[in-house]
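Structural overview
Here's the letter readout for the chains.
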Amino acid sequence: MPHTWPPAPPRSGHEPLESGQAMSMHTGPHPHRVAVLVYDGVKLLDVAGPAEVFAEANLCGADYQIVLLSPTGANVASSIGITISVDGDAASEPSPDTFLVAGGDIYPRTAIARDLLDATHTLATRAARVGSICTGAFILGAAGLLDGKRATTHWKVAHELAARHPTTHVEPDSIYVRDGTTYTSAGVSAGIDLALALVEDDHGPELTRDVARRLVVYLQRAGGQSQFSAPFQGPPPRTPALRRIVDLVTADPAGNHSLAELATHLNMSPRHLTRLFRTELSTTPARYVELIRFDLAKALLDHGHNATQAASLAGFPSYESLRRVFVRELSMSPAAYQRRFGTAHRADAG
């Protein structure tokens, strides 16, 4: 039997949409079917997080029916060893309103199985809208469903998704991305953000706000994935000269790292260095130096330095200059970042 988590309460009928409110992807008398594709090694939160959002939406008046499917119809073992009982295989699901493929740590480390790709393609061609959670984007990509589209995935492997699918415009800082009827989300808990966005598409902001409040999550969290990423986790530049710049700046963050000075260190002309940056990193030397300092400042804040200290030690001329970069990159101040990520213990927890 399909997983209706929990059964929807009686409904009083569809109310007309207000001006500007989203139009539902499902307008028929039957429940909105959400098919979630799972497989051995799937991350449990990638499945349970969105499912809880749809289940909570049912308590608020929505009508979602969740079906869990695997490529073969066999039950699967999640990433933490818990068995996930499924409702059938991809062929058994005629036409889901929403199809989601969950992620797992095994991707992109291993090749994607043929039966998983076939199941993905089958469900995607039957669904009104398609989405992925975390590294599920690699499965959508391998099935050809992200060609020419905007997408995102976990910040740690976003560069790998872009390398594998050069026609896909990967947005590594986005929490989730919608391109037409295709949705992709960032790492793990971002599946909750994606599910809330889908509920809002279907039922508008008021019901979705109630769902977020009941789950004690933000309806829309501030900032992007950059606030969660670890320093220096992006792919290193291919050119040895550009890789040396990271060492130069981190060795002396407050030093003179102007274009002319960097070019002298690397024994090349400023024009050639600028061209290298534009070609390989799509940025300027000054912006790259600023981002290295920004990563250093984040690490310093994570380790307990206050914002003024972090600005000085990371090579920013003032706190205000650091604050401007934080607001631009994360949509929050250094102090707000530190409050959010400095400790897991609340001051009012006793």
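Conventions we followed
Residues numbered from 1 in each chain as written. Predicted model: local features only at pLDDT ≥ 70, side-chain atom pairs only at ≥ 80, totals over all residues. Heavy atoms only, no water. Phe/Tyr/Trp six-rings, centres within 6.5 Å; stacked < 30°, edge-to-face > 60°. Helix = DSSP H or I, 4+ residues; strand = E, 2+ residues; numbered from the N terminus. Buried < 20%, exposed > 50% of the residue type's maximum accessible area, 1.4 Å probe, protein only. Contact = heavy atoms within 4.5 Å. Pairing = 2+ DSSP bridges. Axes fitted to C-alpha atoms, helices over the stretch in contact; angles between N-to-C directions. Right-handed = clockwise from strand over helix to strand, strands pointing away. pLDDT = per-residue confidence, 0-100. Expected span 1.5 Å × (residues − 1). Bend = angle between axes of the 7 residues up to and from the residue.

1. A short note on the packing of aromatic side chains
A full pass over the atoms with the stated rule returns five aromatic pairs. Where phenylalanine 54 meets tyrosine 64, the ring centres are 4.8 Å apart and the plane angle is 55 degrees; that geometry is what we call tilted. One end of the pair, phenylalanine 54, is in helix α1 (residues 44-59); the other, tyrosine 64, is in strand β2 (residues 64-70), and 10 residues separate them in sequence. Taken as a pair, phenylalanine 54 and tyrosine 64 share a single burial class, namely buried.

2. Details of the environment of proline 108
Structurally, the position occupied by proline 108 is in the loop between β6 (98-101) and α2 (114-126). When its relative accessible area of 14% is taken as the criterion, proline 108 is described as buried. Linking proline 108 and glutamate 160, residues 52 residues apart in sequence, is a C-alpha distance of 7.9 Å. In this structure proline 108 touches Phe138, Val157, Glu160 and Arg164, once residues within four positions along its chain are discounted.

3. Notes on the sheet that holds strand β7 (residues 129-132)
Here seven strands make up an open sheet; going across it, the order is β5-β2-β1-β6-β7-β11-β10 and the pairing mixed. Both outer strands of the open sheet, β5 (88-89) and β10 (176-179), are each paired with one neighbouring strand and no more. Two elements, strand β1 (residues 32-37) and β6, share four bridges in a ladder whose sense is parallel. Counterpart to valine 34 in the pairing with β6 is threonine 98. Against the sheet, α2 engages β1, β2, β6 and β7, with an angle of about 165 degrees to β1. Across the sheet, helix α5 (residues 190-215) is in contact with β1, β2, β6, β7, β10 and β11 (182-185); its angle to β11 comes to roughly 150 degrees.

4. What to know about the pairing of β11
Neither face of β11 is exposed, since Thr182 and Thr184 on one face and Tyr183 and Ser185 on the opposite face are all buried. In this sheet, β11 lies alongside β7 in parallel orientation, the contact comprising three bridges. Note on β11: the bridge partner recorded for serine 132 is threonine 184. Between β10 and the antiparallel strand that follows it, β11, lie two residues; glycine 180 among them carries a positive phi value of about 65 degrees.

5. Digging into the pairing of β2
For β2, a buried count of seven out of seven residues is recorded, marking the element as mostly surrounded by other parts of the structure. Alternating residues of β2 divide into Tyr64, Ile66, Leu68 and Ser70 and Gln65, Val67 and Leu69, and every residue in both groups is buried. Examined bridge by bridge, β1 and β2 share six bridges and lie parallel to one another. By the bridge assignment for β2, alanine 35 is matched with valine 67. Crossover β1 to β2 through α1 is right-handed. Strand direction decides the pairing type here: β2 and β5, joined by two bridges, are parallel. Considered in β5, the bridge of serine 70 is made with aspartate 89.

6. A word on the confidence of the model for the chain
Chain-level pLDDT for the chain is 83 on average; 83% of the residues reach the 70-or-more range. In the model, residues 228-234 has pLDDT below 50 throughout and makes 16 contacts with residues more than four positions away in sequence or in other chains. Across residues 344-350, confidence stays below pLDDT 50; counting only partners more than four residues off in sequence or on other chains, it has zero contacts.

7. Quick look at α5
Taking 1.5 Å of rise per residue, the 26 residues of α5 would be expected to cover 38 Å, yet its terminal C-alpha atoms sit only 14 Å apart, more than 12% below that figure. Its axis deflected by about 130 degrees at glycine 204, α5 carries its strongest bend there, up to four residues before the proline proline 205. Directly beyond the C-terminal end of α5, a positive phi value near 55 degrees is found at valine 216.

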